[in-house]
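# Secondary and tertiary structure notes
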Amino acid sequence: MAEPLLDVRDLRTYFLTDGGDVRAVDGVSFSMERGERLGVVGESGSGKSVTASSIMGLIEPPGAIVGGEIRFHGHDLVTLPEREMRKIRGKEIAIIFQDPMTALDPVFTIGSQMIETLKIHRGMSKKEARVVAIDTLGDVHIPRPEQRLDDYPHQFSGGMRQRVVIAMALLCDPDLLIADEPTTALDVTSQAQVMDLMLGLADDRGTAVMLITHDLGGVAGFCQNVQVMYAGEIIERGPAGPLYQQPEHPYTRGLLESVPRLDADAQDRLHSIRGSAPSTTTPPQGCRFWPRCDYATDVCVANSPDPCSGRGAQECACHFAGDLQSNHEVAEA
Ligand code: SF4
């Protein structure tokens, strides 16, 4: 069987603080194939963005990868020297953040930033790089790209700036694009356009996309596979269709029930998951979701469920996956 494009095994990224170790990512395993679209969903603090930063080699002290492997093209990125990682970052793996200004330097023109990237990563001359930069700006529908290349980031609107960031991310035809809440900062009318544009261009290039979002409903139409994170762990993963139709983990069910529906009765109250996400410094013993779970039993409080292995079809880290209702009846009796 061909090796996956990305294979993350038992990744642990902690922030070592005076108040204790914040276990932001705690034993996460998953893989991605070439050209795959994977949605990574969870609320703030669930570990989605730290997983992305770990893959990019962007964890700064007091954060550290304290365990696990991130295999990409056969290399373990965790042990790769920074000098080697710099050749991969931006060229083979690119990232788009929510705020375009984190990716753009305000004191240089868009053109000089794009041309520099192409010179470093693809060894192009300035003249060749300018042609490619203009073409790529055209691909993301920037009008008059040959003129806009000489503008500074502040001369673009928010939506146009995010298009420029997409152009920069795809400049070197990366194998993997990580998009961390790429449209959250945009107005609603621009969000769908920018998302369609980004995913269409990634498909054209055969680029796999990891789409990070807090919006479980939003990724349904965009991704083949989805994984749900909670308190630093993957608690459910699988193909998007079955996972949406028949979610097994009570947290995934709660997230889906809290998505507003147009066909719902206006008088119906929107579902909410009681309580709040636990501390990842001192997470609950056993299943981390038990304080908020309607199905919890003594077993859940005493023992952690097996983690998702990242292999196979739909997986759920719950002691009672597939049998929640009968378990609930036992717990109630
Ligand atoms: Fe709920 Fe127990 Fe399943 Fe955790 S293991 S999600 S507490 S039923």
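Residues numbered from 1 in each chain as written. Predicted model: local features only at pLDDT ≥ 70, side-chain atom pairs only at ≥ 80, totals over all residues. Heavy atoms only, no water.

### A few points about the overall build of the chain
Let me state the cut-off plainly: Put simply, DSSP H or I for four residues or longer makes a helix, DSSP E for two residues or longer makes a strand, and each gets a number counted from the N terminus. Only C-alpha atoms enter the radius of gyration, while the globule expectation follows 2.2 Å times N to the 0.38, with N the number of residues. Only protein chains enter the accessibility calculation, which uses a 1.4 Å probe. A residue is then buried if its area is under 20% of the maximum for its type, exposed if over 50%, and partly exposed in between. Contacts between residues were defined by any pair of non-hydrogen atoms, one from each residue, lying within 4.5 Å.
Counting secondary structure elements, the chain contains 12 helices and 11 strands. In terms of overall dimensions, the chain is globule-like: its C-alpha atoms have a radius of gyration of 21 Å, near the 20 Å expected for 333 residues. Considered along the principal axes of its C-alpha atoms, the chain spans approximately 75 × 50 × 45 Å. Out of the 333 residues in the chain, the part that is buried amounts to 48%. Contacts in the chain between residues at least 24 apart in sequence constitute 65% of all its contacts with a sequence separation of at least 6.

### As for the layout of surface pockets
We count it as follows: Put simply, the grid is 1 Å and covers the protein atoms alone, a cavity is a trapped set of points that fit a 1.4 Å probe, a pocket is an open set with protein on both sides within 12 Å along at least five of seven lines, and lining residues have an atom within 4 Å of a point. Grid points are joined across faces, edges and corners, and a volume is the space filled by probe spheres set on the points. Classification used: nonpolar for Ala, Val, Leu, Ile, Met, Phe, Trp, Tyr, Cys and Pro, charged for Asp, Glu, Lys and Arg, polar for all others including Gly.
Of the volumes computed, that of the largest pocket is approximately 610 Å³. Around the largest pocket, the lining comprises 19 residues; the ones closest to its centre are Arg 89, Gly 90, Ala 103, Thr 117 and His 121. Put simply, the parts of the chain that give the lining of the largest pocket at least two residues each are α2 (82–88), β6 (93–96), α3 (110–122) and α6 (158–170). The element best represented in the lining of the largest pocket is α3, accounting for five residues. Across the lining of the largest pocket, the residue classes tally to 10 nonpolar, five polar and four charged.

### Thoughts on the nonpolar core
Convention followed: Among buried residues, the Ala, Val, Leu, Ile, Met, Phe, Trp, Tyr and Cys ones that are joined through side-chain atoms within 4.5 Å form a nonpolar core. Boundary definitions for the domains trace back to an automatic or database domain assignment.
Core analysis: the largest hydrophobic core is formed by 61 residues, its most contacted members being Met 114, Met 198 and Val 226. Shared between two domains, this core takes at least three residues from each, and those domains are domain 1 (1–88 + 224–260 + 272–333) and domain 2 (90–175 + 186–207). Those residues within four positions of Met 114 in sequence are excluded, and the remaining contacts are Ala 133, Thr 136, Leu 137, Leu 149, Ala 167, Met 168 and Leu 171. Within the second largest apolar cluster, 31 residues are counted, among which are Leu 6, Ile 55, Met 56 and Ile 178.

### Overview of empty space enclosed by the protein
Counted by the stated rule, this structure contains one cavity of 30 Å³ or more. Taken as a whole, the largest cavity holds about 90 Å³ of empty space. Lining of the largest cavity is provided by 13 residues; of these, Pro 250, Cys 287, Cys 293, Cys 300 and Cys 318 occupy positions nearest its centre. Considering only residue class, the lining of the largest cavity consists of 11 nonpolar, two polar and no charged.

### Considerations on the site of the ligand
Note the threshold: Proximity is defined per residue: any heavy atom of the residue falling within 4 Å of a molecule or strand makes that residue near it. Each molecule is checked against the cavity or pocket grid, and it sits inside if more than half of its atoms lie within 2 Å of the grid points.
Lining the immediate environment of the ligand, one finds His 249, Pro 250, Cys 287, Trp 290, Cys 293, Tyr 295, Ala 296, Cys 300, Cys 318, His 319 and Phe 320. Spatially, the ligand is embedded in the largest cavity. A breakdown of the residues in the shell around the ligand according to their chemical character gives nine nonpolar, two polar and no charged.

### A few points about the packing of aromatic side chains
Worth spelling out the cut-off: Within 6.5 Å between ring centres, the rings of Phe, Tyr and Trp (the latter by its six-membered ring) count as paired, and their orientation is classed by plane angle as stacked under 30 degrees, edge-to-face over 60, tilted in between.
Under the definition given, this model contains three aromatic pairs. The interplanar angle of 55 degrees and the centroid separation of 4.7 Å between the aromatic rings of Tyr 230 and Tyr 251 together place this pair among those described as tilted. Taken together, the residues Tyr 230 in strand β9 (residues 225–230) and Tyr 251 in helix α10 (residues 250–257) connect sequence positions 21 residues apart. Both residues of the pair, Tyr 230 and Tyr 251, belong to the buried class.

### Some remarks on the pattern of salt bridges
Put simply, the rule is: Salt bridge, as used here: a side-chain nitrogen of Lys or Arg that lies within 4 Å of a carboxyl oxygen of Asp or Glu.
Applying the stated criterion to the full structure yields 20 salt bridges. Note that Arg 12 and Asp 26 form a salt bridge whose closest N and O atoms lie 3.0 Å from each other. In this pair, Arg 12 is assigned in strand β1 (residues 6–17) and Asp 26 in strand β2 (residues 20–32), connecting sequence segments 14 residues apart. Across the pair Glu 233 and Arg 288 runs a salt bridge, and its minimum N-O distance is 3.5 Å. In this pair, Glu 233 is assigned in strand β10 (residues 233–239) and Arg 288 in the loop between α10 and α11 (298–302), connecting sequence segments 55 residues apart. Judged by its relative accessible area of 25%, Glu 233 falls in the partly exposed class. Take Arg 288: its relative accessible area is 9%, and that puts it in the buried class.

### Here we look at the sheet that holds strand β5 (residues 75–76)
Where we set the bar: At least two bridges found by DSSP between two strands is the condition for calling them paired.
Reading across from one edge, β2-β1-β4-β5 is the order of the four strands in this open sheet, with antiparallel pairing throughout. The two strands at the open ends of the sheet, each matched to only one other strand, are β2 and β5. Pairing of β1 with β2, which is carried by nine bridges, proceeds in the antiparallel orientation. Bridge pairing in β2 places Leu 11 opposite Val 28.

### Some points on the pairing of β9
The buried fraction of β9 is high, at five of six residues. Across four bridges, the pairing between strand β3 (residues 37–41) and β9 is parallel. When the sheet's bridge partners are listed, Gly 39 is paired in β9 with Val 226. Across six bridges, the pairing between β9 and β10 is antiparallel. Counterpart to Met 229 in the pairing with β10 is Ile 234. Hairpin connection of β9 to β10: two residues between the antiparallel strands, including Ala 231 at a positive phi of 50 degrees.

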